[in-house]
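Examination of the molecular architecture
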Amino acid sequence: MSTITEIQTAYYRIPLPELMEDAKHGLHTHFEVPIVKVRTDDGREGIGYTYTGGFGGESIAKLIDKELKHILLGKDPACVEALWEQMNWGIHYVARGGLASFAIAACDIALWDLRAKKAREPLYKLLGGHSNKVNCYGGAIDLNFPLEKLLANNQKYLDMGLRAVKIKLGQATLAEDIARIKAVRELIGPDITFMVDANMSWSVEQAIKAAKLMAPFDILFLEEPTIPEDYEGYARIAKEGQIAVAGGENLRTPIEFAHMLSYGQVDFPQPDASNCGGITGWLKIAALTQLHNVSISTHGMQELHVSLLAAMPNAGYLEMHSFPIDQYTIRPLMIDPEDGMAIAPEEPGIGVTFDWDKLAPHQLDF
Ligand SMILES: [Mg+2]
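Residues numbered from 1 in each chain as written. Predicted model: local features only at pLDDT ≥ 70, side-chain atom pairs only at ≥ 80, totals over all residues. Heavy atoms only, no water.

Description of the overall build of the protein
The secondary structure content of the protein amounts to 12 helices and 13 strands. Since a compact globule built from 366 residues should have a radius of gyration of about 21 Å, the 20 Å found for the protein is in line with a globular shape. Once the C-alpha set of the protein is aligned to its principal axes, its extents read approximately 60 × 40 × 40 Å. A total of 366 residues make up the protein; the buried ones form 59% of that total. (Helix = DSSP H or I, 4+ residues; strand = E, 2+ residues; numbered from the N terminus. Rg over C-alpha atoms; globule rule 2.2 N^0.38 Å. Buried < 20%, exposed > 50% of the residue type's maximum accessible area, 1.4 Å probe, protein only.)

Some thoughts on empty space enclosed by the protein
Sizing a probe to match a water molecule and rolling it over the atoms shows the empty space that remains. Tallied over the full model, the rule gives two cavities of 30 Å³ or more. Of the pockets and cavities examined, the largest cavity occupies roughly 70 Å³. Considering the residues around the largest cavity, the lining is formed by Phe31, Tyr49, Tyr51, Gly300, Met301, Gln302, Glu303, His321, Phe323 and Ile325. In terms of residue class, the lining of the largest cavity is built from six nonpolar, three polar and one charged. Of the residues that make up the lining of the largest cavity, three or more belong to each of domain 1 (4-120 + 357-364) and domain 2 (125-343). In this structure, the second largest cavity spans a volume of roughly 40 Å³. Here the lining of the second largest cavity is built from residues that sort into three nonpolar, three polar and two charged. (1 Å grid on protein atoms, 1.4 Å probe; cavity = no way out; pocket = protein on both sides within 12 Å on 5 of 7 lines; lining within 4 Å. Points joined across faces, edges and corners; volume = space filled by probe spheres on them. Nonpolar A, V, L, I, M, F, W, Y, C, P; charged D, E, K, R; others polar. Domains from an automatic or database assignment.)

Brief notes about the pattern of salt bridges
Per the stated rule, a full pass over the model turns up 21 salt bridges. Here Arg236 makes a salt bridge to Glu205, at a shortest N to O gap of 2.9 Å. Of the two residues, Arg236 is situated in helix α8 (residues 231-241) and Glu205 in helix α7 (residues 204-214); the sequence distance between them amounts to 31 residues. The salt bridge partner of Arg236 is Glu240, with a shortest N-O separation of 2.9 Å. Within this pair, Arg236 and its partner Glu240 are both found in helix α8, separated by four residues, close to a single helical turn. For Glu240, a relative accessible area of 39% corresponds to the partly exposed category. One continuous salt-bridge network, built from bridges that share partners, spans Lys166, Lys168, Asp197, Glu223 and Glu319. (Salt bridge = Lys/Arg side-chain N within 4 Å of Asp/Glu carboxyl O.)

What about the side chain of Asp142?
Tracing the backbone shows Asp142 in the loop between β4 (133-139) and α5 (147-159). There is no salt bridge for the buried Asp142, and the closest opposite charge comes from Arg180, which lies 4.9 Å off by N-O distance. At 2.9 Å, the side chain of Asp142 and the backbone nitrogen of Lys168 are in polar contact. Here Asp142 is in contact with Glu21, Leu150, Lys166, Ile167, Lys168 and Arg180, once residues within four sequence places are set aside. (Lys, Arg positive; Asp, Glu negative; His and termini not counted. Polar contact = N/O pair within 3.5 Å; in protein donor to acceptor, adjacent residues only side chain to side chain. Contact = heavy atoms within 4.5 Å.)

Details of the packing of aromatic side chains
All chains considered together, the criterion is met by eight aromatic pairs. Each residue in the set Phe31, Tyr51, Phe323 and Tyr328 is aromatic and connected to the rest through ring pairs, giving one cluster. Taking NZ or CZ as reference, Lys37 lies 4.3 Å from the ring centre of Trp356, over its face. The ring centre of Trp112 lies 4.6 Å from the NZ or CZ of Arg115, which sits over that ring. (Phe/Tyr/Trp six-rings, centres within 6.5 Å; stacked < 30°, edge-to-face > 60°. Lys NZ or Arg CZ within 6 Å of the ring centre and 35° of its normal.)

In structure tokens, the structure reads:
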């Protein structure tokens, strides 16, 4: 048995190369990456992390350093699921969901990194190894892009070899949204998979109306048409709008996904390991999707999610998010130019190795 002897938390705030906008969160100027190093008495180290769209990262780092650290120190890092329960219930009363789900995620991912490195297996094999590749799409935060730039950005995804793209919706008028959908479909042609994301900006009635207007453009799914908790609303949008619905990036616990799958109608659940309790939380949701006979997709964090999705028999789509995390790791997401699929890393561990020199200028005290 080994013992956790040190938990080191660092907080990075990284400027985005350009302003990115979505319908509900407005303009993004930075993204944040709290990173945890978990060290053991037998000289091992696991790295875990989470990320945000520019707010809350400092509080997440504090939550790890002030609370979760004390739950983990002195424990056996091999007991990942038991430690997940202890972290979850340790701060449940004051912090169920929200920041806690991000903080637990960072610690849990570090424990999985230790577990996979000890097993000398890449994460996708440790979790089942269904495949080493997964369908992938370019997901831009492009609501503020003028049409010309929107088209150039989607052309860039096609040039990378991707076979699927997604754009943001939620312009001032629905007519503008539909005009952008039409222009992108004309650019990409009939064979490229096309998704859209409204970032919770509509009422159920507006979403149903929008979905009907999208019908001619062969949309694979409409993501987050309305607020995430309105499961019945999601079911109405799917049924009355005659469209497949995606969602999950704003759910924070496995049981919220259980409710979404039971009471809603969501054909493309999209849990994000960085905000739903890490790999342990994500795997609980993955099991739910299999029992509900739907696929599983992801939001953000493509450098890690590629390994989780590749492991799953019901893998849907990996979102290649537009926060440039790839510039701060030593292995950018790899796309197979033959089929546009993303390839899971083969090295033991979670397969994400940060470039500490590049991160260093962005580290802030917390
Ligand atoms: Mg989204």
